[in-house]
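Here is how the chains run, residue by residue.
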Amino acid sequence: MSTHLESFDFNNLPLIVDVVEPLWFPPVGNDEFKRFNVEYIVRNNIWENNYRFQLVDDGEPSEIHSAAFFARKGDYSNVEKWFTKESQRFPEEWKTASGMSKTFLTLMDERTLSLMQDDDIKLSLFISRKPGAGSSILEKCCEKLRAEGWKNLYLWTDCECNWQWYIKHGFTLLKEDTYEPFSDEQEDYKTYIFKRKL
């Protein structure tokens, strides 16, 4: 079935959270809080701009296959307003996990953005609901970004993701670091920053 790229519909956000919830849930809290914290991580990667996309079926009914979110230098996110409102129902000690997530995400975003020029753009997050849909949305988005004049695509990831995938898909590894707060005696928690020419 053929697909097309369109603006992301926030009604589809729960479907995106469904994909990553088993991978990203925190070690504290009940099931409701764990899903809330995962949604917080996802929303941390959604910026106030027009670079929020979903890949959907052509025709009706339309089903979302994947989503991708991008950030330019100077973009901002409204996630803290959402967090303040939605987190009130949870104990403060559980929200420590949310703070740890936020500190890590903010640090890695800042590191990545510091390497970028004004005509570069960052892939904040892309999530696939169907096999192959991640590659498909990335290629369609890159084609669109290239046509708009963006020069390079940056992203960061970590050792909990399939970071080797990016090397196989034309990205160059720029920086590899260890994030000490998530490391332990058995294993270093590695982070990676990649770049790909558009």
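Note: the structure precedes this text.
Calculation criteria
- Residues numbered from 1 in each chain as written.
- Predicted model: local features only at pLDDT ≥ 70, side-chain atom pairs only at ≥ 80, totals over all residues.
- Heavy atoms only, no water.
- Pairing = 2+ DSSP bridges.
- Helix = DSSP H or I, 4+ residues; strand = E, 2+ residues; numbered from the N terminus.
- Axes fitted to C-alpha atoms, helices over the stretch in contact; angles between N-to-C directions.
- Core = buried A, V, L, I, M, F, W, Y, C linked by side-chain atoms within 4.5 Å.
- Buried < 20%, exposed > 50% of the residue type's maximum accessible area, 1.4 Å probe, protein only.
- Contact = heavy atoms within 4.5 Å.
- Parallel < 35°, antiparallel > 145°, perpendicular 65-115°, else oblique.
- Left-handed = near helix turned anticlockwise from the far one by under 90°.
- Nonpolar A, V, L, I, M, F, W, Y, C, P; charged D, E, K, R; others polar.
- Arc of directions from axis to C-beta.

### As for the sheet that holds strand β4 (residues 120–128)
For step 1, the next point in the chain: With mixed pairing, the seven strands of this open sheet are ordered in space as β1-β2-β3-β4-β5-β7-β6. Two strands in the sheet have a free side with no partner beyond their single neighbour: β1 (3–7) and β6 (172–178). For this sheet, the mean inter-axis angle between neighbouring strands, taken without regard to orientation, is 25°.
For step 2, the next point in the chain: Where β1 lies against strand β2 (residues 52–57), five bridges are found, and the strand directions are antiparallel. In the strand pairing of β2, E6 is matched with Q54.

### Considering the nonpolar core
For step 1, the next point in the chain: Membership of the largest hydrophobic core comes to 23 residues, with the highest contact counts inside it found for F70, I121, L123, F126, L138 and L153.
For step 2, the next point in the chain: Of all the elements in the fold, those that place two or more residues in this core are β2, β3 (64–71), β4, α5 (133–148), β5 (152–158), α6 (164–168) and β7 (190–197).
For step 3, the next point in the chain: Looking at this core, the element that brings in the most residues is α5, giving five residues.
For step 4, the next point in the chain: Beyond its immediate chain neighbours, meaning those up to four positions away, F126 contacts A67, A68, G134, I137, L138, W165 and Y166.
For step 5, the next point in the chain: One finds V17, V20, L125 and I127 within the second-largest nonpolar core, a separate group that totals 14 residues.

### A short note on the packing of helix α2 (residues 31–44) against helix α3 (residues 79–86)
For step 1, the next point in the chain: At a minimum axis distance of 10 Å, the contact between α2 and α3 shows a crossing angle of 165°. In this view, α2 runs roughly antiparallel relative to α3, as classed from their interaxial angle. Considering only the axes of α2 and α3, their crossing is right-handed. Touching F36, E39, Y40, R43 and N44 of α2 are V79, E80, W82, F83 and E86, all from α3.
For step 2, the next point in the chain: Residues that form the contact of α2 with α3 fall into these classes: five nonpolar, one polar and four charged.

### Details of the environment of F194
For step 1, the next point in the chain: Note on placement: F194 falls in strand β7.
For step 2, the next point in the chain: F194 sits 71 residues away from L123 along the chain, and the two C-alpha atoms are 10.0 Å apart.
For step 3, the next point in the chain: The residues contacting F194, other than those within four sequence positions of it, are L153, Y154, L155, T157, W163, Y166, I167, F171, T172, L173 and L174.

### Observations regarding α3
For step 1, the next point in the chain: Within α3, the full set of buried residues consists of V79, W82 and F83. Taken around the axis of α3, the buried residues stretch over an arc of 100°, which confines them to a single face. Of the exposed residues in α3, the ones pointing more than 90 degrees away from its buried face are K81 and K85.
For step 2, the next point in the chain: Residues of α3 that are buried make contact with α2 and α4 (92–115).

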